[in-house]
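# Descriptive analysis of the structure
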Amino acid sequence: MAVTQGHGNPDWTRDETILALELFFESDMGRLRSADPRVQLLSDVLRALPYHEDAARNERFRNAAGVAFKVQNLRSVVTGKGLQNVSAMDRAIWAEFGDRREEVVRLAALIRAGIKVPAKDVVVPAEDEFYEGRVLTRLHYTRERNPRIRAKLLQARSSAGLNCEICAISYPSVLANIHDAAFEAHHVVPLAEAGVRVTRLADMALLCACCHRLIHRIIATERRWVTVDEARRIIFAENSAV
């Protein structure tokens, strides 16, 4: 049996497990050795993940043996044979994507592309992680926090008066010199497109901080992209039903 020498390494994330599942689909039901070039290639990709910068300093982190071991774990989930120390993440990803190979390939391509885009100093709470995984969620957050984009959005909306595009709150009593601090930019373009296009003002919505957090949580909970209009209906569903 392969020795991973990975004691103390961070748990495998959703992104990483999706990438491992893609390799599982490409292989002969997960029958891979650590010397396989595809295993080494995935090891290199995992070590390049932006949220593993510290762990990747350890040469044993996500090494080829560990990657091969992970793919074998996925094989155990599928067949019920072999290694039995599979994780809850392994089981969850297989339950979600076991019969959706094309979707796994699509998401894996987006994740690999997202790794190349800088997104430092962005921490994504686990409960707010989007369907596409942590890499692309970080990229989404980074684009929203771009001060130049936010400044242009505020300027464009200021002529009509600043207000949240979900709840319509405008904070009229807040002093003018701090009024803009009540609003944040939200990227409305699905992550499937966000990684391949330049951000434009038409891609952004102006939301209050509360509604912004709510729409992110809805997207994470629903495991799909949710528009501003959908978020408004979900948030105020109880009131509208009265």
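## Side note on the overall build of the chain
When its secondary structure is counted, the chain shows 11 helices and 2 strands. C-alpha atoms of the chain, sized along the principal axes, occupy 65 × 45 × 30 Å. Counting the 242 residues in the chain, one finds 45% classified as buried. Put simply, of all contacts in the chain between residues at least 6 apart along the chain, 66% involve residues at least 24 apart. Once the 34 positive and 31 negative side-chain charges of the chain are each reduced to a mean point, those two points are 3 Å apart.

## Things to note about the packing of helix α1 (residues 14-26) against helix α5 (residues 101-115)
Where α1 contacts α5, the two axes come as close as 9 Å, and the packing angle between them is 130 degrees. Considering the angle they form, α1 stands oblique to α5. Once α1 is placed against α5, the crossing between them reads as left-handed. Across the interface between the two elements, D15, I18, L19, L21, E22, F25 and E26 from α1 touch R101, V104, V105, L107, A108, I111 and R112 from α5. Class assignment for the residues of the contact of α1 with α5 results in 9 nonpolar, no polar and 5 charged.

## Points about the environment of A95
Mapped onto the elements, A95 comes out in helix α4 (residues 88-97). By relative accessible area, which is 64% here, A95 ends up exposed. On a C-alpha basis, the gap between A95 and V78 in space is 9.6 Å, while along the polypeptide they are 17 residues apart.

## Points about the environment of A56
Turning to its location among the elements, A56 is positioned in the loop between α2 (37-47) and α3 (64-79). Taking the C-alpha atoms as reference points, A56 and L46, separated by 10 residues in sequence, lie 8.7 Å from one another. Beyond its immediate chain neighbours, meaning those up to four positions away, A56 contacts R47 and F61.

## Side note on the nonpolar core
Across soluble globular proteins, nonpolar side chains have a tendency to be buried as a group. Counting residues in hydrophobic clusters, the biggest one holds 48 residues, and the most contacted among them are L21, F97 and I166. Top contributing element to this core by residue count: α1, with 7 residues. With near-sequence residues (within four places) excluded, F97 lies in contact with R14, I18, L21, F25, E103, V104, L107 and Y131. Residues I149, L162, F183 and A185 belong to the second largest nonpolar core, which totals 9 residues.

## So, the pairing of strand β1 (residues 183-187)
Within β1, 4 of the 5 residues are buried, which leaves it mostly tucked inside the rest of the structure. Pairing of β1 with strand β2 (residues 204-208), which is carried by 5 bridges, proceeds in the antiparallel orientation. In the sheet register, A185 faces β2, and the bridge partner there is L206.

## Considerations on the packing of aromatic side chains
Taken as a whole, this structure holds 6 aromatic pairs when the rule is applied. With a centroid separation of 6.0 Å and 80 degrees between ring planes, the pair formed by F24 and W94 is classed as edge-to-face. Placement of the pair is F24 in helix α1 and W94 in helix α4, with a sequence separation of 70 residues. The buried category is assigned to F24, whose relative accessible area is 3%. Residue class for W94 comes out partly exposed when judged on its relative accessible area of 22%. Centroid distance F25 to W94: 6.1 Å. Interplanar angle 40 degrees. Geometry classified as tilted. On the criterion of sequence distance, the pair formed by F25 in helix α1 and W94 in helix α4 is long-range, its members being 69 residues apart.

## Things to note about the pairing of β2
In terms of burial, β2 is largely enclosed, as 5 of its 5 residues are buried. What you see with β2 is no split at all: M204, L206 and C208 on one side and A205 and L207 on the other are buried throughout.

Calculation criteria
Residues numbered from 1 in each chain as written. Predicted model: local features only at pLDDT ≥ 70, side-chain atom pairs only at ≥ 80, totals over all residues. Heavy atoms only, no water. Helix = DSSP H or I, 4+ residues; strand = E, 2+ residues; numbered from the N terminus. Buried < 20%, exposed > 50% of the residue type's maximum accessible area, 1.4 Å probe, protein only. Contact = heavy atoms within 4.5 Å. Lys, Arg positive; Asp, Glu negative; His and termini not counted. Charge placed at Lys NZ, Arg CZ, Asp CG, Glu CD. Axes fitted to C-alpha atoms, helices over the stretch in contact; angles between N-to-C directions. Parallel < 35°, antiparallel > 145°, perpendicular 65-115°, else oblique. Left-handed = near helix turned anticlockwise from the far one by under 90°. Nonpolar A, V, L, I, M, F, W, Y, C, P; charged D, E, K, R; others polar. Core = buried A, V, L, I, M, F, W, Y, C linked by side-chain atoms within 4.5 Å. Pairing = 2+ DSSP bridges. Phe/Tyr/Trp six-rings, centres within 6.5 Å; stacked < 30°, edge-to-face > 60°.

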